[in-house]
Amino acid sequence: MLFETEAEAIRWYDSQERVLTPEFLKTIPWHTVKDHPLDPSFVPTLIYMRDVERFTSLYNDELARTPTGKDPAIKQFMERWSTEEITHSDLLHRFLEEAGYPSDERWYEEAKHNIPLAYRIKSHIVPHITNLLGHHFTGVHMTWGAINELSTLTGYQRLWTLAKHPVLDYILKHIAREEASHAFFYWSVARVKLLQSNFRQKLAKFMISKFWSPVGQGTKPATAANAVITNLFSGIEGLELIHQRVTRRIQQLPGLDMLNKVTDHIGAITQTSLVKS
């Protein structure tokens, strides 16, 4: 399924029913969480994921200050996307509490307070830079978003595979269905925008190659991002998963067929090499 316009993409997205409905939430067996051991090594990863999902409101505010965020279809998507991502954060937070790893009730305020100064400065500067390029930069935004959504989706899949906790498995598999819709919207609009000019393709390839960093890095320190990547994607199997589900998918976008940034970056962090094909 390929779309010719972003209007087609948003019509498709709006046709997707929410997965995490009130009815679904009632089916989560919270009372059984402690019946199954959770490897403590996954707790920092869950906290990172919870915080980054909750920071969606910050990303939404930043994008709203750019031509991309003012695009009617993208703006419509972002309004629902931000609501869904916050629900993901709430579920991860509840799971951590039920598993015996509670946080202070002001955990979100503390997480925001701990956002590195460099990110705060960048979040004010970047919109001014993107505004200079106008809608030419939308392809970059959407490609970047597609990478991050695909990475998040793959991270959840890897986490439920490794953690082997039935309640976490149940929650993450339903979250993943919404993340898959997010990823497909971002990827589809990136494709539409990049098809419109070679300049946009070159700009996207340059910006991703030079400046992309893993989802959440910036609002969270690089050390925290690297720890999550190491926890989930160490070894050939982990890197191959990233390569097939993220890098290869992004390489299907116009002008990005040789872009190997994500695989190279994750491989460097985990010190794993992958024979490129």
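I will try to describe carefully the structure that is included in this document. None of the values given here were measured: they were computed from a predicted structure.

**Some remarks on the overall build of the protein chain**
Thought 1: Within the protein chain, the secondary structure is distributed over 14 helices and zero strands.
Thought 2: Ordered by position in the sequence, the α and β elements of the protein chain form the string α-α-α-α-α-α-α-α-α-α-α-α-α-α.
Thought 3: Residue burial in the protein chain is summarised as follows: out of 277 residues, 55% are buried.
Thought 4: Sequence-distant contacts in the protein chain: of pairs separated by 6 or more residues, those separated by 24 or more amount to 84%.
Thought 5: With an accessible surface of roughly 13000 Å², the protein chain has 56% of that area assigned to carbon and sulfur atoms.
Thought 6: Put simply, the protein chain has 31 plus and 31 minus side-chain charges, and the middle of one group is 6 Å from the middle of the other.

**Section: the packing of helix α9 (residues 138–163) against helix α10 (residues 166–195)**
Thought 1: Here α9 crosses α10 at 160°, and the two axes come no closer than 8 Å. On the basis of their axis angle, the class for α9 and α10 is roughly antiparallel. Like other packed secondary-structure pairs, α9 and α10 cross with a definite hand, here left-handed.
Thought 2: Tallied by class, residues from the contact of α9 with α10 come to 19 nonpolar, six polar and five charged.

**Focus on unusual backbone geometry**
Thought 1: Of note in this structure, K164 is not a glycine but carries a positive phi near 55°.
Thought 2: Mapping K164 onto the fold places it in the loop between α9 and α10.
Thought 3: Residue classification places K164 among the exposed residues on the basis of a relative accessible area of 65%.
Thought 4: The backbone of Q271 shows a phi angle near 55°, a positive value even though the residue is not glycine.

**Quick notes on the packing of aromatic side chains**
Thought 1: Per the stated rule, a full pass over the model turns up 15 aromatic pairs.
Thought 2: With centroids separated by 6.2 Å and ring planes inclined at 45°, the aromatic side chains of F3 and W12 adopt a geometry described as tilted. We note that F3, like W12, is buried.
Thought 3: When the centroid spacing of 6.2 Å and the interplanar angle of 85° are considered together, the rings of W81 and Y186 count as edge-to-face.

**What about the pattern of salt bridges?**
Thought 1: Counted according to the given criterion, the structure contains 10 salt bridges.
Thought 2: For E84, the salt bridge identified is with R18, shortest N-O distance 3.6 Å. With E84 in helix α6 (residues 72–98) and R18 in the loop between α1 (6–15) and α2 (22–25), this residue pair connects regions lying 66 residues apart in the sequence.
Thought 3: Under the relative-accessibility criterion, R18 is labelled partly exposed at 28%.
Thought 4: Close ionic contact of D51 with R50 constitutes a salt bridge, the shortest N to O distance being 2.9 Å.

**Some details on the environment of L168**
Thought 1: Along the polypeptide, L168 turns up in helix α10.
Thought 2: Sequence separation of L168 and I28 is 140 residues, and the distance between their C-alpha atoms is 9.6 Å.
Thought 3: Dropping the residues within four chain positions of it, L168 is found in contact with L38, L46, F95, L159 and A163.

Criteria and thresholds
- Residues numbered from 1 in each chain as written.
- Predicted model: local features only at pLDDT ≥ 70, side-chain atom pairs only at ≥ 80, totals over all residues.
- Heavy atoms only, no water.
- Helix = DSSP H or I, 4+ residues; strand = E, 2+ residues; numbered from the N terminus.
- Buried < 20%, exposed > 50% of the residue type's maximum accessible area, 1.4 Å probe, protein only.
- Contact = heavy atoms within 4.5 Å.
- Areas by Shrake-Rupley, 256 points an atom, 1.4 Å probe, with all protein chains shown as cover.
- Lys, Arg positive; Asp, Glu negative; His and termini not counted.
- Charge placed at Lys NZ, Arg CZ, Asp CG, Glu CD.
- Axes fitted to C-alpha atoms, helices over the stretch in contact; angles between N-to-C directions.
- Parallel < 35°, antiparallel > 145°, perpendicular 65-115°, else oblique.
- Left-handed = near helix turned anticlockwise from the far one by under 90°.
- Nonpolar A, V, L, I, M, F, W, Y, C, P; charged D, E, K, R; others polar.
- Phe/Tyr/Trp six-rings, centres within 6.5 Å; stacked < 30°, edge-to-face > 60°.
- Salt bridge = Lys/Arg side-chain N within 4 Å of Asp/Glu carboxyl O.

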